[in-house]
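# Fold and geometry: a report
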Amino acid sequence: LLDSSSWSFCVACILFGIVLRCSVGFNSYSGFGRPPMHGDFEAQRHWMELTVALSPSEWYQNGTANNLLYWGLDYPPLTAYHSWVCGYFGVRAVPEAFLLESSRGHESPAGKCFM
């Protein structure tokens, strides 16, 4: 499959990507510390929260658990399923960042590193 030099290069690239993502994640972003909406970071986090906590039939429906005025899903279902996949791993990595309703505005270092 891969010789040892190609394998080493792939590992180095992956590690560089992880370090880069983590280092960028610890800096501020649009909406950082600005309630009530908290910017695009919060939108992405909230979409993961919604998709893992609600059934797909509720993703686009306004209700008590899904206030569409607070970063409601406004992209096609394929994007929602992408959020669901990311949220699946997010709940396992940083569960407190994806609790329905109570995690609004979550900005912990662990949550930012995951994102």
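Since the model is a prediction, treat every value here as computed from it, not as a measurement. Within any chain, residue numbers begin from 1 and follow the written order of that chain's sequence. Local features in this predicted model are restricted to residues whose pLDDT is 70 or higher, and side-chain atom pairs enter the listing and the counts only when it is 80 or higher, whereas totals over whole chains, interfaces and linings include all residues. Side-chain numbers here rest on the full set of heavy atoms in the structure, without hydrogens or water.

To form a nonpolar core, buried Ala, Val, Leu, Ile, Met, Phe, Trp, Tyr and Cys residues must be joined to one another through side-chain atoms within 4.5 Å. Only protein chains enter the accessibility calculation, which uses a 1.4 Å probe; a residue is then buried when its area is under 20% of its type maximum, exposed when over 50%, and partly exposed in between. Grouped together as the largest cluster of nonpolar side chains are 7 residues: A43, W47, L50, L54, W59, L73 and A80. Numbered from the N terminus, helices here are DSSP runs of H or I no shorter than four residues, and strands are runs of E no shorter than two. For this core, the leading source of residues is helix 2 (residues 39–53), giving 3 residues. When checking whether two residues touch, look at their non-hydrogen atoms; a contact exists if any pair is within 4.5 Å. For L54, the residues in contact, after removing those within four places along its chain, are W59, A65, N66 and L100.

This part covers the side chain of H106. Within the secondary structure layout, H106 lies in the loop between helix 3 (77–93) and helix 4 (109–114). Using a relative accessible area of 16% as the deciding quantity, one classes H106 as buried. With near-sequence residues (within four places) excluded, H106 lies in contact with F41, E42, R45, V94, E96, A97 and G111.

Before going further, it helps to examine the pattern of salt bridges. Here, a salt bridge means any side-chain nitrogen of Lys or Arg that lies within 4 Å of a carboxyl oxygen of Asp or Glu. Per the counting criterion, the structure on display carries 2 salt bridges. Among the salt bridges present, the one from R45 reaches E42, with a minimum N-O distance of 2.7 Å. In this pair, R45 and E42 both sit in helix 2, 3 residues apart, roughly one turn of the helix. Accessibility expressed as a relative area gives 1% for E42, which makes it buried. One salt bridge in this structure joins R45 and E49, with 2.7 Å as the shortest N-O distance. Separated by 4 residues within a single helix, R45 and E49 lie in helix 2, roughly one turn from each other.

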